[in-house]
Amino acid sequence: MKKSNQVWKIAFFALSGLVVLVIIFLFVLFQRYFPEVDENHFIQKQPTEEEATFNIQTNKAKLNTLIASRIEQTPSDISYMVELLDENVQFRSAFRILGQEVPVTINFKPVVVPNGDLLLKVETFSVGILSLPVDQVLQFISNWIEVAEWIVTYPSERVVEVKVTEIKVDKNESIRFRFLTFDLEKDNIELEMIID
């Protein structure tokens, strides 16, 4: 009887020891493969830029719709429109002289400058059938039509600057835009939206 009790005791302690070893082994494995979250866990390892950028690709038709809606929202005594055509940006308006509406048409060649703004260089213009110097026409138009503060006319340089980088989208001014591509012939207009 003593021998069988001893065998059971040895078997019991051996099994208990084995269970304890398995538990210790599992605990060590758990600690090794599932460590506790340290304070640096949620800090980015890679250096980040201060701004996030997103590319926006559009075409003439969509941008023409946006321009038309913006012009409609901007109150003006004079009716005018801006339209992207196959090769240029066209400004059209009219003014009344001696009871007659005289058409004004200016064609601009768009050029993206390094900071992402858009320069519109005057290519052709017409005021009725009169031939007037471009700088005088631009000066006349800038005094005649009230445009957004981010559109600046430089009559002597025959250029209109569209400062898209200064367009305020939100109250905090944390969202900005800049042009990357403005190719009317290929119908490829690409902007970058920057969130600071």
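All values reported here derive from a predicted model rather than from experimental measurement.

S.K.: Break down the overall build of the protein for me, citing the residues and quoting the values.
M.R.: Scanning the protein from N- to C-terminus turns up 3 helices and 9 strands. Looking at the protein as a whole, 26% of its 196 residues qualify as buried. Counted over contacts in the protein with a minimum sequence separation of 6, partners at least 24 positions apart contribute 43%.

S.K.: Please set out unusual backbone geometry residue by residue, giving values where relevant.
M.R.: Within the chain, Arg158 stands out as a residue other than glycine whose phi angle is a positive 60 degrees. In this model, Asp187 sits at a positive phi of 55 degrees, which is unusual for a non-glycine residue. In this fold, Asp187 is placed in the loop between strand E8 (175-183) and strand E9 (188-195).

S.K.: Before we move on, could you go through the sheet that holds E8 and cite the residues and values that matter?
M.R.: With antiparallel pairing, 3 strands are arranged side by side in an open sheet as E1-E9-E8. A strand with exactly one partner marks an edge of an open sheet, and here the two such strands are strand E1 (52-58) and E8. When strand polarity is set aside, the average angle formed by the axes of neighbouring strands in this sheet is 20 degrees. The pairing of E8 with E9 spans 8 bridges and is classified as antiparallel. Within E9, the residue paired with Ile175 across the bridge is Ile195.

S.K.: Would you mind going over the sheet that holds strand E3 (residues 89-97) in detail, with residue names and values included?
M.R.: One open sheet holds the 6 strands; their spatial order is E2-E3-E4-E5-E7-E6, and the pairing between them is antiparallel. The open sheet has two free edges, formed respectively by strand E2 (80-84) and strand E6 (151-154), since each of these has just one partner strand. The sheet shows a mean angle of 25 degrees between the axes of neighbouring strands, direction not considered. Alignment of strand E4 (residues 100-112) against strand E5 (residues 118-127), held across 9 bridges, turns out to be antiparallel. Paired with Thr105 across the two strands is Ser126, which belongs to E5.

S.K.: Let's hear about the packing of aromatic side chains: which residues, and what values?
M.R.: Using the criterion set out here, one finds 2 aromatic pairs in the structure. Aromatic pair Phe179 and Phe182: ring centres 5.1 Å apart, planes at 85 degrees, arrangement edge-to-face.

S.K.: Tell me about the side chain of Thr58, residues and numbers included.
M.R.: Relative to the assigned elements, Thr58 resides in strand E1. Once you skip the residues sitting within four places of it in the chain, Thr58 turns out to touch Leu63, Asp187, Asn188, Ile189 and Leu191.

S.K.: For the pattern of salt bridges, give the residues involved together with the corresponding values.
M.R.: Overall, the coordinates contain 3 salt bridges when judged by the stated rule. Note that Glu83 and Arg92 form a salt bridge whose closest N and O atoms lie 2.7 Å from each other. For Glu192, the salt bridge is made with Arg178, and the minimal N-O distance between the two is 2.6 Å. Of this pair, Glu192 sits in strand E9 while Arg178 sits in strand E8, placing them 14 residues apart in sequence. Classification of Arg178 as partly exposed rests on a relative accessible area of 22%.

S.K.: I'd like to hear about the environment of Gln139, residue by residue, with values.
M.R.: Position of Gln139 relative to the elements: it lies in helix H3 (residues 134-144). Measuring from C-alpha to C-alpha, the distance between Gln139 and Ser156 comes to 8.6 Å, with 17 residues separating the pair along the chain.

S.K.: Describe helix H2 (residues 60-73), and please don't skip the residues or the numbers.
M.R.: Along its 14 residues, H2 runs 20 Å from first to last C-alpha, staying within 8% of the 20 Å computed at 1.5 Å per residue. Within H2, the full set of buried residues consists of Lys60, Leu63, Asn64 and Ile71. Viewed end-on, H2 has its buried residues packed into an arc of 105 degrees, placing them on one side of the element. Structural note: H2 exposes Ala61, Lys62, Thr65, Glu72 and Gln73 on the side pointing more than 90 degrees away from its buried face. Taken together, the buried residues of H2 touch E1, E2, E8 and E9. Between the side-chain oxygen of the N-cap and the backbone nitrogen of Ala61 there are 3.3 Å, and the N-cap of H2 in question is Asn59.

Quick notes on the rules
Residues numbered from 1 in each chain as written. Predicted model: local features only at pLDDT ≥ 70, side-chain atom pairs only at ≥ 80, totals over all residues. Heavy atoms only, no water. Helix = DSSP H or I, 4+ residues; strand = E, 2+ residues; numbered from the N terminus. Buried < 20%, exposed > 50% of the residue type's maximum accessible area, 1.4 Å probe, protein only. Contact = heavy atoms within 4.5 Å. Pairing = 2+ DSSP bridges. Axes fitted to C-alpha atoms, helices over the stretch in contact; angles between N-to-C directions. Phe/Tyr/Trp six-rings, centres within 6.5 Å; stacked < 30°, edge-to-face > 60°. Salt bridge = Lys/Arg side-chain N within 4 Å of Asp/Glu carboxyl O. Expected span 1.5 Å × (residues − 1). Arc of directions from axis to C-beta. Polar contact = N/O pair within 3.5 Å; in protein donor to acceptor, adjacent residues only side chain to side chain.

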